[in-house]
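# Observations on the model geometry
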Amino acid sequence: MTPIGVLIVDDDELVRVGLRTILDAQPDLRVLGEAADGSAVPPLVARLRPDVVLMDVRMPEIDGIQATRRLLAASAGPPKVLVITTFANDEYVYDALRAGASGFLLKRARPAEVVEAVRVVARGESLLFPAAIRRLAGAYGGRGSDRLRAARLTDREAEVLRLMATGLSNPEIAGQLVVGVETVKTHVGNVLAKLGVRDRTQAVIAAYESGFVTPAG
């Protein structure tokens, strides 16, 4: 199996060294490079082709929000972005998710949590920290997007989106709906395509933004 390639972007060298040590200790993960600012991300991604970018949300020149937007705009097949942050309840984090990040990771996370977060984001089959994203949506969301109305989801696709927002994986959704996993994968793919998003996190953010799903459930 080819290891998951990771690019680490953080202006704190100690953080970069710590993350590299944690990730390189895993046989299925490999750190391909490091950067100290968001401005270095597009050229490094073009050269190194990582699967996941660990992106600090606050950096002195180009922060993680701008860097995520630039990265997604500059590449037809961009890597997943996993935002690194000190505080979970941070508007910067929510804005990074809205810009296209697939999830976030606290800098105080345990090594095992760091490793699993990278794997989850790379797979893209489940939503990372759904409860935390729900809290962020309650604090900073509700900005009036009508993307859900324009998407014209079927009743089953809407049901799948609601279950995605709770953080359920494809097998768990299949169990809830009493259908096959491949059927769920098809519905999830349709939801992403109709919403014009590239992963589950972006679909759930769109659902919160439109009021289709609320933080209270």
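Residues numbered from 1 in each chain as written. Predicted model: local features only at pLDDT ≥ 70, side-chain atom pairs only at ≥ 80, totals over all residues. Heavy atoms only, no water.

### What about empty space enclosed by the protein?
One pass over the full model with this rule turns up 1 cavity of 30 Å³ or more. Reported here for the largest cavity is a volume of approximately 60 Å³. Forming the boundary of the largest cavity are K80, S102, V120, V121, G124, S126, L127, L128, D199, R200 and T201. When residues of the lining of the largest cavity are traced back to their parent elements, those giving at least two are α5 (111-123) and α11 (200-210). Looking at the lining of the largest cavity, its residues break down into 4 nonpolar, 4 polar and 3 charged. (1 Å grid on protein atoms, 1.4 Å probe; cavity = no way out; pocket = protein on both sides within 12 Å on 5 of 7 lines; lining within 4 Å. Points joined across faces, edges and corners; volume = space filled by probe spheres on them. Helix = DSSP H or I, 4+ residues; strand = E, 2+ residues; numbered from the N terminus. Nonpolar A, V, L, I, M, F, W, Y, C, P; charged D, E, K, R; others polar.)

### Looking at the pairing of strand β3 (residues 52-56)
Burial of β3 is extensive: 5 of the 5 residues sit out of reach of the surface. Alternating residues of β3 divide into V52, L54 and D56 and V53 and M55, and every residue in both groups is buried. Taken together, the 4 bridges between strand β1 (residues 4-9) and β3 define a ladder with parallel strand orientation. Counted as the bridge partner of V6 is V52 from β3. Across 5 bridges, the pairing between β3 and strand β4 (residues 80-85) is parallel. Paired with M55 across the bridge in β4 is V83. Considered for its hand, the β-α-β crossover made up of β3, helix α3 (residues 64-74) and β4 is right-handed. (Buried < 20%, exposed > 50% of the residue type's maximum accessible area, 1.4 Å probe, protein only. Pairing = 2+ DSSP bridges. Right-handed = clockwise from strand over helix to strand, strands pointing away.)

### As for unusual backbone geometry
Of note in the backbone geometry, R49 takes a positive phi value of approximately 55 degrees without being a glycine. Mapped onto the fold, R49 is located in the loop between α2 (41-48) and β3. The backbone phi angle of R152 is positive, close to 55 degrees, even though this residue is not glycine. Mapped onto the secondary structure, R152 falls in the loop between α7 (147-151) and α8 (155-165).

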